[in-house]
Structure formats: structure tokens, C-alpha cells
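Notes for the structure review
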Amino acid sequence: MIDGHFFLPADYVSRHEPEYYDDAASHNIGVLFQPEIMPIAELLLAGTGRKRLVDIGTGNGTKLVGAAAQEKLGIDFGSNLDYCITHHGNAAEWRACDLGGVIPQDLLEAIGPDDVVVCSDVIEHLPDPSSLLHLLRAAYEAGALVITSTPERVLVRGADHLGPPPNAAHVREWSLSEYRAMLS
């Protein structure tokens, strides 16, 4: 663990057993979480000449499949990955990885300087995000551009909210300064 409390206030209460978030239902009712992320990634791809968009925690894959990129890699597990394979087929390469567990070495080595990595609305779902943070750091150190986002607790819930998050699939949520400290 990076920090036993992941840079949250000492009296913050995390959820210990989050629900798995099956993103297929969101697709079926037309909900798209954090849609502003992919246009930013597309600008970075175009502006730097990079070829591949890597979506870590791709959910139902809709944002990745709809993005303009020469190559696409979606990473997730469980029913989310099954949905991507079934509904999006060859529109991207799909990789299975439980981001809360050990990240396979070949995945750590597969991301590099030709990639723009997006990890949007993922970290707050993990009881221990250390493996995910290790993957993001490895991608950055290999030369990838990395974009990460999570709900901003103070803006969304108010300054007095100290958890657990109302969303049963979220373990914890950070303020911007707390999130920045953890990423640093």
C-alpha cells in the first residue's frame, strides 16, 4: 500500500466490500460516465502522433470504441469485459485484468511511448488501488501519456463528507488535493 489511508483524512470511512459495477446497464439506458475524457485523449493522440488509446477499466467499452485512434486496447474483467467482446468484437483489442489484483508483467510491459492511457472512473472502485497505481506509473515511466480521473469528493458531496461514498460500488472518493498527493 502506498499509504494506509490513501492520502484521505484520518477520519475518512472507506467501504470495505464494494459492489461490482456492471457497466452494461449504463450502456443500455444511454448513460456515459465522464464523457469528456475521450476528446482529451483524442487531442493528445493527434497532437503527439501516438497511435494507440489504452482504456484501463474500460467498462462497457463504448467510449473506447467511439474514440478516434488507430489502435485501441480495452482492459477490464468480468461481465464488463464479456460485454465488450460480445458487443464490440474486433473494434479494439480486449485484455482481461482485475485491476485490484496482481497486474500481469506482460501487461506492464505492453504499454509504452506510442500510447495515450485513460483510466477514468476506476480507482474509486478498488479496495486497494496500489496495483492500479503501479500500472499507471509503469505506463508513464515507459513514455505513455496518462490521463486519470475520479469524482471529486468535495465538489460532489461537500466538504463535510467523510465517507463512505453513497455509490455502493465506490470504496472511497478523494478531493483534488488528496488525489494529487496520492498520485505524486
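My aim in this report is to walk through the structure given alongside it, one point at a time. Being a predicted model, the structure only gives us computed values, none of them experimental.

Here we come to the overall build of the protein chain. Regarding its fold elements, the protein chain presents 8 helices and 5 strands. Tracing the protein chain from N to C terminus, the helices and strands come up as α-α-β-α-β-α-β-α-β-α-β-α-α. In terms of its C-alpha atoms, the protein chain occupies a principal-axis envelope of roughly 45 × 35 × 30 Å. Put simply, the protein chain has 184 residues, and 46% of those count as buried. Put simply, of all contacts in the protein chain between residues at least 6 apart along the chain, 69% involve residues at least 24 apart. Surface summary for the protein chain: the accessible area is close to 9,000 Å², and the carbon and sulfur share equals 56%. Across the protein chain, the centroid of the 12 positively charged side chains sits 5 Å from that of the 26 negatively charged ones.

Turning to helix α4 (residues 78–88), its buried residues are Asn80, Leu81, Tyr83, Cys84 and His88. Summarising the axial view, the buried residues of α4 lie within an arc of 155°, below the 170-degree limit, and thus occupy one face.

Strand order in this open sheet of 5 strands is β3-β2-β1-β4-β5, and the pairing throughout is parallel. Of all strands in the sheet, those bounded by a partner on one side alone are β3 (93–96) and β5 (145–149). Sheet twist, expressed as the mean angle between neighbouring strand axes with direction ignored, is 15°. Across the face of the sheet, α4 comes into contact with β2 (71–76) and β3 while running at roughly 160° to β3. The sheet contacts of helix α6 (residues 130–141) involve β1 (52–56), β4 (115–120) and β5, and relative to β4 the element is tilted by about 160°.

Criteria and cut-off values
Residues numbered from 1 in each chain as written. Predicted model: local features only at pLDDT ≥ 70, side-chain atom pairs only at ≥ 80, totals over all residues. Heavy atoms only, no water. Helix = DSSP H or I, 4+ residues; strand = E, 2+ residues; numbered from the N terminus. Buried < 20%, exposed > 50% of the residue type's maximum accessible area, 1.4 Å probe, protein only. Contact = heavy atoms within 4.5 Å. Areas by Shrake-Rupley, 256 points an atom, 1.4 Å probe, with all protein chains shown as cover. Lys, Arg positive; Asp, Glu negative; His and termini not counted. Charge placed at Lys NZ, Arg CZ, Asp CG, Glu CD. Arc of directions from axis to C-beta. Pairing = 2+ DSSP bridges. Axes fitted to C-alpha atoms, helices over the stretch in contact; angles between N-to-C directions.

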